[in-house]
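Residues per chain are reported as follows:
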Amino acid sequence: MYRRLPSVDELLRRASLTELARRKGHVAVANAARAVLDNLRAEITSGKLTEDDVEFAVGDIEIAIEQQLDRALSYSLRPVINATGVILHTNLGRAPLPQSTLDHAREISCAYSNLEFDLKQGGRGKRDMHVDRLFRTVLGEDVATIVVNNNAAAVMLALNSLAEGGEVVVSRGELVEIGGSFRIPDVMQKSQAILREVGTTNRTRIADYERAINDRTRLLLRVHRSNFEIVGFTEQPLLEELVALGRRWNIPVLEDLGSGALFDLRSAGVQGEATVADSLQAGADVVTYSGDKLLGGPQAGILSGQKDLIAKIRSNPMFRALRVDKLVYAALEATLMAYVKQDYDSIPALRMMRIPFDEIEARVKAVAASLRARSTGTTVELIDGNSVIGGGSAPSAVLPTKLIAVEHSLLSADRILAALRKNDPPIVARVEEGKVLLDLRTVLPGQEDTVVRAFEQL
Ligand SMILES: *Cc1c(COP(=O)(O)O)cnc(C)c1O
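Keep in mind the model is a prediction, meaning the values are calculated, not measured.

## Points about the overall build of the protein
Secondary structure summary: the protein contains 19 helices and 18 strands in total. Across its three principal directions, the C-alpha atoms of the protein cover 85 × 55 × 50 Å. The average position of the 56 basic charges and that of the 60 acidic charges among the side chains of the protein differ by 3 Å.

## As for the site of the ligand
Arg-94, Asn-150, Asn-151, Ala-152, Ile-178, Phe-182, His-224, Ser-226, Asp-256, Gly-258, Ser-290 and Lys-293 make up every residue found near the ligand. A distance of 3.1 Å separates an oxygen atom of the ligand from a polar backbone atom of Asn-151. Between the ligand and the protein, one listed contact pairs an oxygen atom with a side-chain N or O atom of Ser-290 at 2.7 Å. Calculation on the ligand without its partners gives an accessible area of 380 Å², and the protein chains cover 94% of this total. The set of elements that each furnish at least two residues to the shell around the ligand consists of α8 (151-163) and β11 (253-258). Here the shell around the ligand is built from residues that sort into three nonpolar, six polar and three charged.

## Digging into the sheet that holds strand β6 (residues 167-171)
Ordered by their spatial adjacency, seven strands build an open sheet running β5-β13-β12-β11-β10-β6-β9, and the pairing between neighbours is mixed. The sheet terminates laterally at β5 (143-148) and β9 (194-198), the two strands that pair on one side only. Between one strand axis and the next, the sheet turns through 25 degrees on average, direction left out of account. Pairing analysis gives four bridges linking β6 to strand β10 (residues 217-223), with the strands arranged parallel. For Val-168, the partnering residue across the bridge sits in β10 and is Leu-219. Across the face of the sheet, α8 comes into contact with β5, β6, β10, β11, β12 (286-290) and β13 (301-306) while running at roughly 160 degrees to β12.

## So, the sheet that holds strand β17 (residues 430-432)
The strand order across the open sheet formed by five strands is β2-β14-β15-β18-β17, and the pairing between neighbours is mixed. The open sheet has two edge strands with one neighbour each: β2 (86-88) and β17. Taken over all neighbouring pairs, the strand axes of this sheet differ in orientation by 40 degrees on average, direction set aside. Direction of pairing for strand β14 (residues 378-390) relative to strand β15 (residues 398-408): antiparallel, over a ladder of eleven bridges.

## Thoughts on the domain arrangement of the protein
Here the protein is described as being made up of domain 1 (2-72), domain 2 (81-90 + 352-456) and domain 3 (98-346). Put simply, the middle of domain 1 and the middle of domain 2, counted by C-alpha atoms, are 41 Å apart.

## With respect to α8
An α-helical turn contains 3.6 residues, so any two residues separated by three or four positions project in the same direction. With 13 residues, α8 extends 17 Å from end C-alpha to end C-alpha; this agrees with the ideal 18 Å at 1.5 Å per step. Counting buried residues along α8, eleven of its 13 residues qualify, which places the element largely inside the surrounding structure. What α8 keeps buried is the set Asn-151, Ala-153, Ala-154, Val-155, Leu-157, Ala-158, Leu-159, Asn-160, Ser-161, Leu-162 and Ala-163. In the stretch just after α8, Gly-165 is the one whose phi turns positive, near 80 degrees.

## Quick notes on the nonpolar core
Ranked by size, the top nonpolar core spans 55 residues in total, and within it Tyr-289, Met-353 and Ile-389 carry the most contacts. The element contributing the most residues to this core is helix α15 (residues 326-340), with six residues. Counting only domains with at least three residues in this core, you end up with domain 2 (81-90 + 352-456) and domain 3 (98-346). In this view, Met-353 contacts Ile-87, Leu-265, Ala-268, Leu-294, Ile-389, Leu-399 and Arg-441; residues no more than four positions away in its chain are not counted. One finds Leu-162, Ala-193, Val-286 and Ile-310 within the second-largest nonpolar core, a separate group that totals 31 residues.

## Some words on helix α13 (residues 307-314)
Among the residues making up α13, those that are buried are Leu-309, Ile-310 and Ile-313. Buried residues of α13, viewed axially, fall in a sector of 100 degrees; they line one side. Buried positions along α13 lie against β5, α8, β12, β13 and α14 (317-322).

## Focus: the packing of helix α17 (residues 357-374) against helix α19 (residues 448-456)
In the contact formed by α17 and α19, the axes pass within 9 Å of each other and the chain directions differ by 25 degrees. In this view, α17 runs roughly parallel relative to α19, as classed from their interaxial angle. In this structure, the crossing between α17 and α19 has a hand that is right-handed. For the pair α17 and α19, the contacting residues are Arg-363, Val-367, Ser-370, Leu-371 and Arg-374 in the first and Glu-448, Asp-449, Val-452, Arg-453, Phe-455 and Glu-456 in the second.

Reading guide: rules and limits
- Residues numbered from 1 in each chain as written.
- Predicted model: local features only at pLDDT ≥ 70, side-chain atom pairs only at ≥ 80, totals over all residues.
- Heavy atoms only, no water.
- Helix = DSSP H or I, 4+ residues; strand = E, 2+ residues; numbered from the N terminus.
- Lys, Arg positive; Asp, Glu negative; His and termini not counted.
- Charge placed at Lys NZ, Arg CZ, Asp CG, Glu CD.
- Near = heavy atom within 4 Å.
- Polar contact = N/O pair within 3.5 Å; in protein donor to acceptor, adjacent residues only side chain to side chain.
- Areas by Shrake-Rupley, 256 points an atom, 1.4 Å probe, with all protein chains shown as cover.
- Nonpolar A, V, L, I, M, F, W, Y, C, P; charged D, E, K, R; others polar.
- Pairing = 2+ DSSP bridges.
- Axes fitted to C-alpha atoms, helices over the stretch in contact; angles between N-to-C directions.
- Contact = heavy atoms within 4.5 Å.
- Domains from an automatic or database assignment.
- Expected span 1.5 Å × (residues − 1).
- Buried < 20%, exposed > 50% of the residue type's maximum accessible area, 1.4 Å probe, protein only.
- Core = buried A, V, L, I, M, F, W, Y, C linked by side-chain atoms within 4.5 Å.
- Arc of directions from axis to C-beta.
- Parallel < 35°, antiparallel > 145°, perpendicular 65-115°, else oblique.
- Left-handed = near helix turned anticlockwise from the far one by under 90°.

Structural data, given as structure tokens:
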């Protein structure tokens, strides 16, 4: 059976593959041919194939090579339609970017730019200044801002710069884990600061912080709980009280906000999420937050606060190791510009939080009508439900929505989910009580028809 397999050289001399090699590259086609042959050899070895199977496979080998080549030459990173209703879905890339970010990033990245060149002086400049200027417009002239790779990096850098070798006081109710590998005690250890935990899981008083202060104390740390809440018999000092204590002992207060909204979400019906400006106004000396959570921009870790402390953090050699490139600066600059212009609807994550209920309901009704008309075997209902913000922001905040619930006469909900994932582009939805639920809040305008077509093809 092995002898019936052609050699790679022989295959590459065939007209169809010579033509393929001319279009897609000789090496890529040779690799695809080798992969298909290796696969056949392995199947023969495992005893799975009969003589006839091998003959059949050899007859179709050119098609198999072309398919293998298509797989090898297609991107692994693909766009996905998010029908889960989770706006900042970490597995699906968190915030979808405003269009302007890509226009700006393309213009800046496909050519040279003044990333670190001072056009006035004709000498070396700093990459920070491009966004620091806009952060000052949004947060106030006395606030300095620098940017690193993500918020985990921002926290690590702030702790190491401001507290290396010293103690950091933090409440036991704030020793959080975010998304698996970010755990406050571990980050603290790696940043070479010493964790001084105070209070209890549910209750920490300002007196607990005060008792822990000694001559090794370098920072008071407040961490946003992000993905959980403690309810019931609880107590946590106000940020203002922590700030007053810090001022009394001349110890800075660092707040890890996580999400860091620049826009007050109360107008979208989301309570209990302090904005970056709220924290700075309450007196936090440095705050850290993500670029791709409530801010709605590219992945980044942002540190905003008092000029002298931010300058100290910036002078840490670790900053150089955690800095971001021109793509991120361009995307962040364009995102911030939308805030400066108060053009909030151009930021998709904010837009999704602010879509009026009536608008969602109208879209849902239209899609449900198409599904009923075009997909056979399905039962389509509209039910009330909630979208969530996700990304560790406002864990208990829910945005009322209308959901499309779909059942199929022959296919289980899990089979439908699997089929939707195989669609091009893949569609991610969720299942509840045996029904597939579609939340159009996170389905971008223009994607509805793709969703309907996927159901049509079930
Ligand atoms: C999300 C989050 C982080 C980690 O931020 P990344 O941008 O994912 O690195 C850290 N701290 C808090 C409180 C968070 O919510």
